[in-house]
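Architecture at a glance
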Amino acid sequence: MATTSQNIFLTKKEKLKCCTCGRSVPKGHPYVAETENHKGTCFYCSPFTNYTLLAPGNAAMTRRSKKHSTLCAVLWEWNARRKRFQRKGQFVEDQAIEKARIECEQDQAIRAEKNKKAAIVREQKDKEYIVLFAHAIRYRYPYCPEKREFEIALHACEKYSGRVGRTANAKDFDPKMIDLAVEAHIRHLETNYDDQFGKGKRKKEIRSEVKGDILRVLKQWRGL
Ligand SMILES: [Zn+2]
């Protein structure tokens, strides 16, 4: 297992020589050395001739392929504008890339399975929340017609789906939130609010027209 990385520079120097075969390494060609100022070899005299270049950008693949490769060499290219060398990938063995790819695929499968489970839990929690909410509505509006509390709770939860599931007790619901949900329900189902639109009236006007009817029904349902 590789623990250290060798460096390979696409050299910016003109006069480098391979210390094994003695041939010169032209500018822009790979020079295998700790730094450009160290003694090094040309790529062909290095152990990496049969290795594969893995492109950068996938941290898990980079880490894992290095772990599985006998040797690892990071390829550096000179960036003239930034005045520093930048990673262009790493040379690792084919088998190491293959192992890393399989590991990443397995991860993905595990992650997908986790997401699926989380979605099921969330759905269950949403259902529980709707039941709790419905109970809270029934508690505050004891004369609300049968089963309507579920309709109201379901609608409110759909409308505010982002806020669903934050309480475990029916008594913890904010009365104001309950009132608003019930009020909206009454407005649409117990008044002629929806029929008033498209007759040249403003929303504000229509709202104030049905306000009295809503209050009357609210009082009835609360038993006041
Ligand atoms: Zn050489």
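Residues numbered from 1 in each chain as written. Predicted model: local features only at pLDDT ≥ 70, side-chain atom pairs only at ≥ 80, totals over all residues. Heavy atoms only, no water.

Describing the overall build of the protein chain
A count of helical and extended segments in the protein chain gives five helices and eight strands. From first element to last, N terminus to C terminus, the protein chain shows the α and β order β-β-β-β-β-β-α-β-β-α-α-α-α. What you see for the protein chain is a C-alpha radius of gyration of 35 Å, clearly larger than the 17 Å of a compact globule of 224 residues, by over 25%. Projecting the C-alpha coordinates of the protein chain onto the three principal axes gives extents of approximately 100 × 40 × 25 Å. (Helix = DSSP H or I, 4+ residues; strand = E, 2+ residues; numbered from the N terminus. Rg over C-alpha atoms; globule rule 2.2 N^0.38 Å.)

Focus: helix H3 (residues 148–159)
Here H3 is twelve residues long and its end C-alpha atoms lie 17 Å apart, about the 16 Å a rise of 1.5 Å per residue gives. For H3, the full list of buried residues reads Arg148, Glu149, Ile152, Ala153, Ala156 and Cys157. Within H3, the buried residues cover an arc of 165° as seen down the axis, which keeps them to one side. Where the residues of H3 are buried, they touch helix H2 (94–140), helix H4 (175–189) and helix H5 (203–222). (Expected span 1.5 Å × (residues − 1). Buried < 20%, exposed > 50% of the residue type's maximum accessible area, 1.4 Å probe, protein only. Arc of directions from axis to C-beta. Contact = heavy atoms within 4.5 Å.)

Side note on the packing of aromatic side chains
Here the structure, examined in full by the defined rule, presents nine aromatic pairs. Here the aromatic rings of Phe9 and Phe85 are separated by 4.9 Å at their centres, their planes lie at 65°, and the arrangement is edge-to-face. In this pair, Phe9 is assigned in strand S1 (residues 6–10) and Phe85 in strand S8 (residues 84–92), connecting sequence segments 76 residues apart. Each member of the pair, Phe9 as well as Phe85, is classed as buried. Considering the side-chain rings of Phe48 and Tyr51, the 5.2 Å spacing of their centres and the 85° angle between planes classify their relative orientation as edge-to-face. Each of the two residues, Phe48 as well as Tyr51, counts as buried. (Phe/Tyr/Trp six-rings, centres within 6.5 Å; stacked < 30°, edge-to-face > 60°.)

Brief notes about the domain arrangement of the protein chain
One frequently used descriptor of interface size is the decrease in accessible area upon assembly of the parts. Segmentation of the protein chain into domains returns domain 1 (4–106) and domain 2 (110–214). Summarising the inter-unit geometry, the C-alpha centres of domain 1 and domain 2 are found 61 Å apart. (Domains from an automatic or database assignment.)

Comments concerning the pairing of S8
Direction of pairing for strand S6 (residues 52–54) relative to S8: antiparallel, over a ladder of three bridges. Bridge pairing in S8 places Leu54 opposite Gln90. Both strand S7 (residues 73–79) and S8 contribute to a ladder of six bridges, which runs antiparallel. Bridging from a neighbouring strand, Ala73 pairs with Phe91 of S8. (Pairing = 2+ DSSP bridges.)

As for the packing of H2 against H4
It is at 10 Å that the axes of H2 and H4 come closest, and there the two elements cross at 90°. In terms of axis orientation, H2 runs roughly perpendicular to H4. Along the contact surface, H2 presents Tyr129, Phe133, Ala136, Ile137 and Arg140, while H4 presents Pro175, Met177, Ile178, Asp179, Ala181 and Val182. Looking at side-chain class alone, the contact of H2 with H4 contains nine nonpolar, no polar and two charged residues. (Axes fitted to C-alpha atoms, helices over the stretch in contact; angles between N-to-C directions. Parallel < 35°, antiparallel > 145°, perpendicular 65-115°, else oblique. Nonpolar A, V, L, I, M, F, W, Y, C, P; charged D, E, K, R; others polar.)

What about the pattern of salt bridges?
Think of it this way: side chains of opposite charge can pair up when their charged atoms draw near. Under the definition given, this model contains 15 salt bridges. A salt bridge links Lys88 to Glu77, with the shortest nitrogen-to-oxygen separation between them at 3.5 Å. Of this pair, Lys88 sits in strand S8 while Glu77 sits in strand S7, and the two are eleven residues apart along the sequence. Judged by its relative accessible area of 36%, Lys88 is partly exposed. Residue classification places Glu77 among the partly exposed residues on the basis of a relative accessible area of 33%. (Salt bridge = Lys/Arg side-chain N within 4 Å of Asp/Glu carboxyl O.)

A word on the environment of Arg23
By secondary structure assignment, the location of Arg23 is in the loop between strand S2 (16–17) and strand S3 (24–25). Each C-alpha atom, one on Arg23 and one on Thr62, is 32 Å from the other, the two residues being 39 residues apart in sequence. Apart from the residues within four sequence positions on either side, Arg23 is in contact with Leu16, Lys17 and Cys18.

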